[in-house]
Every structure is written in C-alpha cells, then in structure tokens.
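As a plain string of letters, each chain reads:
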Amino acid sequence: MKRLVNFPSDLEIAKCDGVITKELITVTTKHTAFQALEIFSEKPVGALIVVDETNCFIDTVAAADFRGFHRDNWMLLEKPVIDYKKYSSSRKAVTCTEKSTLGEVIDVLCANKAKQICVLDNQSHPVGIITLSDIIGFIVKL
C-alpha cells in the first residue's frame, strides 16, 4: 500500500528542484504583445517569462492576460509585451529560488492566488517554472 503524504513535513523537506519544469520560453522586453500571442498559438505553454537584455527576470505573461482582447484594443498588440501586461492584468508575478522548499512555494502561490511561480538562480536568471499541476503531480507520486 502506498503511504500517505505526511503533511506538512514532507513538503517542508522536499526541495522545489524536483518539481521544476526546465523548458522555459522567454521573451525580452522588446517583444511585442503580438509576438507573444504568436508564441502562445504555436507552443503549448501557459506562461512566457519576460527577461531583460542580460536575461534577468522581469515578469511573466500568461495566455490568460489576453482574455478580453477585442478589436477596440487591437493597437495594444503593437506595444511591448510588458506594457500590454500592465494594461491587461494587475496580476503580479511570483518567484522563488532553487533552494526553496515545496512548502514555501505552495505558501507563496496561495498567498498570491497564483497558478505558477518562476524559479530564479542567485543572479535573478530564470531557471524554471513550477505550476500547480506540477505540484499536484509531485504529491501524487509520493
């Protein structure tokens, strides 16, 4: 018989690196919202990581940020993706480090009502992303 997870201690011990999705798709602050929308139509991802010219984390842009888009705001797609996000969403991106525990990650996600968290190295470069689905999959395997 499979053992049940010993909450919360198993999650406080487990490091988030066992849950990280390492396949990131990044865009720079120079990409337009339209270019981001094209990436969403081509790739099966829910979020893009926005980085600056030194590959440091700036924000995330989710496919959900394009909800409510209509012909009256078509011109916004020509703006840099980071500017479009300021218009379309008040959602603040959340981050953690590679050393964060899974319990800490869950706490941050819950406190911010977020669906994903970007994992950064010690120089603020994105190294992965953790989604709620990743966490559920990890817990089920325990």
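Residues numbered from 1 in each chain as written. Predicted model: local features only at pLDDT ≥ 70, side-chain atom pairs only at ≥ 80, totals over all residues. Heavy atoms only, no water.

A short note on the nonpolar core
Alright, step 1. Within the largest apolar cluster, 14 residues are counted, with the highest numbers of intra-cluster contacts made by Val27, Leu48, Val50, Val61, Phe66, Val81 and Tyr84.
Alright, step 2. Of all elements in the fold, only α2 (33-42), β2 (47-51) and α3 (81-88) reach the threshold of two or more residues within this core.
Alright, step 3. A total of four residues in this core trace back to one element, the largest contributor, which is α2.
Alright, step 4. If we skip the residues at most four places from it in the chain, Leu48 touches Ile25, Val27, Ala36, Ile39, Phe40, Asp59, Thr60 and Val61.
Alright, step 5. Counting 13 residues, the second-largest nonpolar core is a separate cluster that includes Cys96, Leu102, Leu109 and Ile130. (Core = buried A, V, L, I, M, F, W, Y, C linked by side-chain atoms within 4.5 Å. Buried < 20%, exposed > 50% of the residue type's maximum accessible area, 1.4 Å probe, protein only. Helix = DSSP H or I, 4+ residues; strand = E, 2+ residues; numbered from the N terminus. Contact = heavy atoms within 4.5 Å.)

A closer look at the sheet that holds β2
Alright, step 1. Across the sheet, three strands lie side by side as β1-β2-β3; this open sheet has mixed pairing. The open sheet has two free edges, formed respectively by β1 (26-28) and β3 (57-62), since each of these has just one partner strand. Adjacent strand axes in the sheet meet at a mean angle of 35 degrees, parallel and antiparallel pairs treated alike.
Alright, step 2. Pairing between β1 and β2: three bridges, direction parallel. What sits directly across from Val27, in β2, is Val50. (Pairing = 2+ DSSP bridges. Axes fitted to C-alpha atoms, helices over the stretch in contact; angles between N-to-C directions.)

Observations concerning the packing of aromatic side chains
Alright, step 1. In this structure the tally under the stated criterion is three aromatic pairs.
Alright, step 2. Judged by centre distance (6.0 Å) and plane angle (70 degrees), the ring pair of Phe40 and Phe66 falls under edge-to-face. Taken together, the positions of Phe40 in helix α2 and Phe66 in the loop between β3 and α3 put the pair 26 residues apart, joining distant regions of the chain.
Alright, step 3. Measuring from ring centre to ring centre gives 6.3 Å for Tyr84 and Tyr87, while their planes differ by 55 degrees; the resulting arrangement is tilted. (Phe/Tyr/Trp six-rings, centres within 6.5 Å; stacked < 30°, edge-to-face > 60°.)

Details of the pairing of β2
Alright, step 1. The element β2 is extensively covered by neighbouring structure, given that five of its five residues are classed as buried.
Alright, step 2. Taking every second residue as pointing to the same face, both faces of β2 are buried, with Ala47, Ile49 and Val51 on one and Leu48 and Val50 on the other.
Alright, step 3. Between the parallel pair β1 and β2, the chain is carried across by α2, and the sense of this crossover is right-handed.
Alright, step 4. In the sheet, β2 pairs with β3 via five bridges, with the strands oriented antiparallel. When the sheet's bridge partners are listed, Val51 is paired in β3 with Phe57. (Right-handed = clockwise from strand over helix to strand, strands pointing away.)

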